[in-house]
Amino acid sequence: RSRLFVEGDQLRCSAPKGRLTKELEQRIAANKPDLIQSLRNWTPWNPTILRRAALDSSLPLSFAQERFWFLQNLEPDTTAYNITACRHLSEPLEATRLESALHAVVKKHEILRTNFPEVDGSPTQLVRQEMYPELAIYDLGHLEPSEKAAASASAIDKRSEEHTSELQSHHD
């Protein structure tokens, strides 16, 4: 480990033998006054641990969140950043277990409980303390394969009319 430090008016270097090349020694010598001044003005980095903001209070958006908010307002009907997936289940679905798992994930991850309201025309993020998304399950097992796509689209349209949302992921 190499170390450069100031002792009195002298610039000192502590390094294992052979670590400092002639070129590096020359660069240190050429920049000695600036190095001494920088080392004298240096203060150790002492990071401040940020405290978590109170839940249910408005917080500023990160740069990436502001960008998505801007894009969403520019084209409110776009689904370009949504990732929606359908999965075929070969086993019966235990809806209560799935809903419990969904609630556990939402409880653990604040971003899944975050809304982005506008306050005085500017976006903020609001992390809800509790939020329990409703899980809607549509059994399409009795339908023919040709009927399943139409029934699925109809179910999604119906959910949209009820002002509820499906679980989607925004992708950057």
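Residues numbered from 1 in each chain as written. Predicted model: local features only at pLDDT ≥ 70, side-chain atom pairs only at ≥ 80, totals over all residues. Heavy atoms only, no water.

Engineer: Would you mind going over the overall build of the protein with me for this structure?
Structural biologist: If you tally the helices and strands in the protein, you get 5 helices and 9 strands. Ordered by position from N to C terminus, the α and β elements of the protein give β-β-α-α-β-α-β-α-β-β-β-β-α-β. In the protein, buried positions account for 9% of the 172 residues. At a minimum sequence separation of 6, the contacts of the protein that also span at least 24 residues come to 55%. Total accessible area computed for the protein in this model is approximately 14600 Å², and 53% of it derives from carbon and sulfur atoms. (Helix = DSSP H or I, 4+ residues; strand = E, 2+ residues; numbered from the N terminus. Buried < 20%, exposed > 50% of the residue type's maximum accessible area, 1.4 Å probe, protein only. Contact = heavy atoms within 4.5 Å. Areas by Shrake-Rupley, 256 points an atom, 1.4 Å probe, with all protein chains shown as cover.)

Engineer: Got a minute to help me understand the environment of Ile-36 in this structure?
Structural biologist: Relative to the helices and strands, Ile-36 is located in helix α2 (residues 32-41). Residues Ile-36 and Asp-9, spaced 27 residues apart in sequence, show a C-alpha to C-alpha distance of 8.1 Å. What Ile-36 contacts, discounting residues up to four positions off in sequence, is Val-6, Asp-9 and Leu-11.

Engineer: How do you make sense of the pattern of salt bridges when you look at a structure like this?
Structural biologist: A side chain with one charge can pair with a side chain of the opposite charge if their charged atoms come near. On inspection of all chains with the given rule, the structure shows 4 salt bridges. In this structure, Lys-22 engages Glu-25 in a salt bridge whose closest nitrogen and oxygen atoms are separated by 3.9 Å. Of this pair, Lys-22 and Glu-25 are both found in helix α1 (residues 22-30), 3 residues apart, which corresponds to roughly one turn of the helix. Overall, the relative accessible area of 62% leaves Lys-22 in the exposed class. In this structure Glu-25 comes out as partly exposed when scored by relative accessible area, which is 38%. (Salt bridge = Lys/Arg side-chain N within 4 Å of Asp/Glu carboxyl O.)

Engineer: Explain the confidence of the model for the protein to me, please; I cannot follow it from the model alone.
Structural biologist: If pLDDT is low for a region, its predicted coordinates should not be looked at in detail. Mean pLDDT over the protein stands at 79; residues scoring 70 or higher make up 83%. Below a pLDDT of 50 lies the segment residues 160-172, which in the model reaches 18 contacts outside its immediate sequence neighbourhood of four places, other chains included. (pLDDT = per-residue confidence, 0-100.)

Engineer: Teacher, can you tell me more about the packing of α1 against α2 here?
Structural biologist: Interaxial distance between α1 and α2 falls to 5 Å at its minimum, and their mutual angle equals 75°. For the element pair α1 / α2, the angle class is roughly perpendicular. Two secondary-structure elements touch here, α1 through Ile-28, Ala-29 and Ala-30 and α2 through Lys-32, Pro-33 and Leu-35. For the contact of α1 with α2, the per-class residue count stands at 5 nonpolar, no polar and 1 charged. (Axes fitted to C-alpha atoms, helices over the stretch in contact; angles between N-to-C directions. Parallel < 35°, antiparallel > 145°, perpendicular 65-115°, else oblique. Nonpolar A, V, L, I, M, F, W, Y, C, P; charged D, E, K, R; others polar.)

Engineer: Before we go on, may I ask you to explain the sheet that holds strand β8 (residues 125-127) in this structure?
Structural biologist: Backbone hydrogen bonds are what pair the strands of a sheet, in a parallel or an antiparallel way. Ordered in space as β3-β8-β5, the 3 strands form an open sheet in which the pairing is antiparallel. The sheet is open, and its two edges are formed by β3 (58-59) and β5 (114-115), each paired on a single side. As paired strands, β3 and β8 are joined by 2 bridges and run antiparallel to one another. Bridge pairing links Ser-58 to Leu-126 in β8. (Pairing = 2+ DSSP bridges.)

Engineer: Which parts of the structure should I look at to understand the pairing of strand β1 (residues 3-7)?
Structural biologist: Every other side chain in a regular strand lies on the same face of the sheet, so the side chains alternate between the two faces. As paired strands, β1 and strand β2 (residues 10-14) are joined by 5 bridges and run antiparallel to one another. Residue pairing across strands places Glu-7 opposite Gln-10, the latter belonging to β2. In textbook terms, the turn of a hairpin is the stretch between consecutive antiparallel strands, and for β1 and β2 this stretch comprises 2 residues, one of which, Gly-8, has a positive phi near 70°.

Engineer: What's the story with the environment of Ser-100 in this structure? I'm lost.
Structural biologist: Tracing the sequence through the fold places Ser-100 in helix α4 (residues 95-108). Taking the C-alpha atoms as reference points, Ser-100 and Leu-135, 35 residues apart in sequence, are found 10.0 Å from one another.

Engineer: Help me understand the packing of aromatic side chains, please; the structure alone is not making it clear to me.
Structural biologist: Two aromatic rings are characterised by how far apart their centres lie and by the angle between their planes. Counted under the stated rule, the structure contains 1 aromatic pair. A centroid spacing of 5.1 Å and a plane angle of 85° characterise the contact between Phe-68 and Tyr-81, whose relative ring orientation is edge-to-face. Here Phe-68, found in helix α3 (residues 63-74), pairs with Tyr-81, found in the loop between α3 and β4 (82-83); they are 13 residues apart in sequence, far enough to count as distant. The class of Tyr-81 is partly exposed, set by a relative accessible area of 30%. If you follow Arg-3 out to its NZ or CZ, it ends over the ring of Phe-5, 4.2 Å from the centre. A cation over an aromatic ring shows up here: Arg-67 above the ring of Phe-68, its NZ or CZ 5.5 Å from the ring centre. (Phe/Tyr/Trp six-rings, centres within 6.5 Å; stacked < 30°, edge-to-face > 60°. Lys NZ or Arg CZ within 6 Å of the ring centre and 35° of its normal.)

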